[in-house]
Amino acid sequence: MRLSPPVPLLLGLLLLQGVLRPLRGDLVFIPSVIRMSGPVVSASLVGGTEDVTVSLTQLRDEMGLLPVPTCGELNNETGDWSLTVTPTVVRPENSLEVTVRLKRDLQSCSSNGTDPFLEAPCIVQALLVSAFHNTSCSAHLLIHVEIYANSSLGQNASENVTVVPNQVYQPLGPCPCNLTAGACDIRCCCDQECSSDLTALFRESCFPGVFGGDVNPPFDQLCSIQMSRGVPDWFPFLCVQLANSPFLGYFYHGSISSGLQVSFDMYLHTDLKDFSDFGYKQGDPVMTVDKAYFTIPQVSLAGQCLYNAPVAFLQNFDVQCVTSLEEYLERDGITSAKIKNGAMGGIVTPKVIYEEATDLDRFITNTETLLSTGPAPRNVNVEEHYIFRWNNNTISEINVRIIRAEINAQQKGIMTQRFTVKFLSYNSGNEQEWSGNPGYQLGKPVRALSTNGTNNVTTLHLWYPAGRSLCSTATLKPILFGENVLSGCLLEVGINENCTKLRENAVELLDSLVQVTHVAMRGNSDYNDLSDGWLEIIRVDALGAGADPPDSNVSGICLDVPAQLNIRILFSDAGAVEGMTQQEILGVETRFSSVTWQFQCGLTCEDKADLFPIGASVQFIKIPAQLPHPLTRFQINFTEYDCNRNEVCWPQLLYPLTQYYRGEPYSQCVAKSLLLVSFIILAVFLSNPWIRIHKA
């Protein structure tokens, strides 16, 4: 439906009127002509607005002629339209805001809410807004209404379940630019909701590439594409006769897609699969008799603490979780937990031992002093240590040691909790277990012993600080094979500290980390046989802790104070067992580093404790089993043949036949290469040049 010929003439007259009248200070609508595509439209009436009346008239053309507008009759309700006039915020005496609104619902235009996009508009009308003094017309506003029925803003989304095709054979998004349901998306030529007439309007400006629907682009090796181009004669032997798409499976993999809104609440393992009755495998979650996971707080990859993380079979961990005492919630009783042992009908009940924490400053910081005792105190668990005894693929025993602290019920502060899980063999004693068989496994403790007989330490240690990170309250954790670690703690030092005493304290703290004399080469070295692969630790002595140098008699300054312990562990590959590489330790060295300590003063040097940081580092250095071949003079002088410094690597031109290829056995590579050579020779014999030479 189009406007009749008189309408363009009226449009021109109103435009001319709207340009000239503001120059004379008369009333004028800005803009004077509006094309309306929505249910509401507004314009401004500018000029002498005192004693001005505004009316709305619906124009009906008959025989191609528009009626002459009449003024003097107040009409603010015309059929489906309403007119409101309000003063503007800026200069209300000289400006009015005129609003025309559609009263009926647009959904009544369509028979149902799921009809596709209609080519013909739902409403096509011409409205005239007139402003007049008494009966004299002063200004006119022409509104051309053209509203379509189904719009993406007013359309209700369908709640029906959409069937998603199998993405192995058909991409999920064949038309990614189709963003609006039930409507035609402009420039989206693959949108099935666009009619041919609408698509013809923007066919030359379609979205290119994958977003425009080209999810199955042809590639150069496709036989059907190359037939239309100039190709060599041997191309039919090597082209690909396959209709494939690199985007198959690229989108979300699923069977159905629901129209319900997505919930952002994270949940894990909605469909629990319990195979524990047939035995556990490494990594399987430990199950309870209620067909639920046995959970212990653990730290995620993002560093957050997950309080309902399942325990994995044969997976040890040692984590810390920081929580506020106001948000602390007591976990369910461990004593009443019944855990499946991995056999049909077998149940294991944890044996729990409670201990009282002696130093709350190690676990609780930022505490607030309470003026009143308040209600009865409460207990909080600061450490939980779990030991699982395993036998083949079953759990034979669970021992739990819980360290708890008694605090005020209204106590506020930050609490650091520690959770450890260790899986030990059922026949191992004193919690000493192999770290590998025979070579070390990554993440297992480095085995060690002391020949002095003064302690029962079986490994190297690092600090595990908590609370204020003071050395006096820090606990120890074992050094794990293959993990480079930095650790440290803070030592309280006064301004009048004796430098000799400070050196002795620092050396004593650093030596407490290495209280052993030998380290095991392998993960299964026998503690009772010193000749079974035990290496003596190489110690580089610390700087002497004797008398202070003459230039260090200044109060608050000490020279050559040991502050860092560097532990270097050399290891290498020592063979393979059943295809698994075995690694063993070749040597261990400890070395001290010293610094000059100076008391840090603020505005004034007060006699209060300063914090002196001391630390320890562990570095694992891998030694190659065989020394690398030295570079030849040719390789040194001609770097363009160096694969590490150039994009083109000529030494690996025949990569599958070189020593660098590890994908398949060498014999299979040779067989496949010979087969490829035979195909090439056959293609040469069947080519046109060879046939012409043979005929000649």
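Going by what an unreviewed UniProt entry lists, the chain is known as Tectonic-2 isoform X1 and is assigned to Bison bison bison. As stated in UniProt under Subunit (unreviewed entry), the record for the chain gives "Part of the tectonic-like complex (also named B9 complex)." What UniProt records for the chain under Sequence similarities (unreviewed entry) is the sentence "Belongs to the tectonic family."

Enquirer: Could you clarify how one ought to interpret the confidence of the model for the chain in this entry?
Expert: Detailed reading of the predicted model is not advised wherever pLDDT is low. When pLDDT is averaged across the chain, the result is 76; 73% of the residues are at 70 or more. Contacts of residues 111-118 to residues separated by more than four positions or lying in other chains number 16 contacts, the stretch itself having pLDDT below 50. Overall, residues 249-269 carries pLDDT values under 50, and its contacts beyond four positions in sequence, including any with other chains, amount to 23 contacts.

Enquirer: So what exactly am I meant to see when it comes to the sheet that holds strand E28 (residues 538-539) here?
Expert: Paired through their backbone hydrogen bonds, the strands of a sheet run either parallel or antiparallel. The strand order across the open sheet built from five strands is E25-E31-E29-E30-E28, with neighbouring strands paired in mixed fashion. Each edge of the open sheet carries a strand with a single partner, namely strand E25 (485-493) and E28. The sheet contact formed by strand E29 (residues 557-577) and strand E30 (residues 580-598) spans 16 bridges and is antiparallel. Looking at E30, one finds that Pro-562 is bridged to Ser-594. The sheet contacts of helix H5 (residues 499-511) involve E25, E29, E30 and strand E31 (610-622), and relative to E29 the element is tilted by about 15 degrees.

Enquirer: Would you explain unusual backbone geometry in this entry?
Expert: Peptide bonds are mostly trans, and most non-glycine residues show a negative phi. For the peptide bond that leads from Ile-30 to Pro-31, omega is -5 degrees, which places it in the cis range. Inspection of the secondary structure assignment puts Pro-31 in the loop between strand E1 (28-30) and strand E2 (33-36). Phi angles above zero are rare outside glycine, and Lys-291 is one such case at about 60 degrees. Turning to its location among the elements, Lys-291 is positioned in the loop between strand E11 (256-257) and strand E12 (298-299). The class of Lys-291 is exposed, set by a relative accessible area of 59%. Its identity is not glycine, yet Leu-314 carries a phi of approximately 65 degrees, on the positive side. Summarising the element assignment, Leu-314 is placed in the loop between strand E13 (305-306) and strand E14 (317-324). Owing to a relative accessible area of 26%, Leu-314 belongs among the partly exposed residues under this scheme.

Enquirer: Explain the packing of aromatic side chains here, please?
Expert: The way to describe two aromatic rings as a pair is by their centre distance and the angle between their planes. Going through the model one piece at a time under the given rule, you end up with 12 aromatic pairs. Residues Tyr-280 and Phe-313 carry aromatic rings whose centres are separated by 5.3 Å and whose planes lie at 25 degrees to one another, so their mutual orientation is stacked. Of this pair, Tyr-280 sits in the loop between E11 and E12 while Phe-313 sits in the loop between E13 and E14, and the two are 33 residues apart along the sequence. A residue is classified by how much of its surface remains accessible, and Phe-313, at 1% relative accessible area, is buried. Relative to Tyr-386, the ring of Phe-294 lies with its centre 6.2 Å away and its plane at 75 degrees, an arrangement referred to as edge-to-face. On the criterion of sequence distance, the pair formed by Phe-294 in the loop between E11 and E12 and Tyr-386 in strand E19 (residues 378-391) is long-range, its members being 92 residues apart. For the pair shown, Phe-294 and Tyr-386 are each scored as buried. Three or more aromatic residues link up through ring pairs in this structure, and these residues are Tyr-280, Phe-294, Phe-313, Tyr-386, Phe-388 and Phe-423. A cation sits over an aromatic face here: Arg-404 above Tyr-354, 4.4 Å from the ring centre.

Enquirer: What's the story with the sheet that holds strand E27 (residues 534-536) in this structure? I'm lost.
Expert: Taken in spatial order, the three strands line up as E22-E26-E27 in an open sheet, and their pairing is antiparallel. Single-partner strands in this sheet number two, and they are strand E22 (448-449) and E27. Across two bridges, the pairing between E22 and strand E26 (residues 518-520) is antiparallel. If you follow Leu-449 over to E26, its bridge partner there is His-518.

The rules we used
- Residues numbered from 1 in each chain as written.
- Predicted model: local features only at pLDDT ≥ 70, side-chain atom pairs only at ≥ 80, totals over all residues.
- Heavy atoms only, no water.
- UniProt positions renumbered as here; feature names shortened; annotations may be inferred.
- pLDDT = per-residue confidence, 0-100.
- Contact = heavy atoms within 4.5 Å.
- Pairing = 2+ DSSP bridges.
- Helix = DSSP H or I, 4+ residues; strand = E, 2+ residues; numbered from the N terminus.
- Axes fitted to C-alpha atoms, helices over the stretch in contact; angles between N-to-C directions.
- Buried < 20%, exposed > 50% of the residue type's maximum accessible area, 1.4 Å probe, protein only.
- Phe/Tyr/Trp six-rings, centres within 6.5 Å; stacked < 30°, edge-to-face > 60°.
- Lys NZ or Arg CZ within 6 Å of the ring centre and 35° of its normal.

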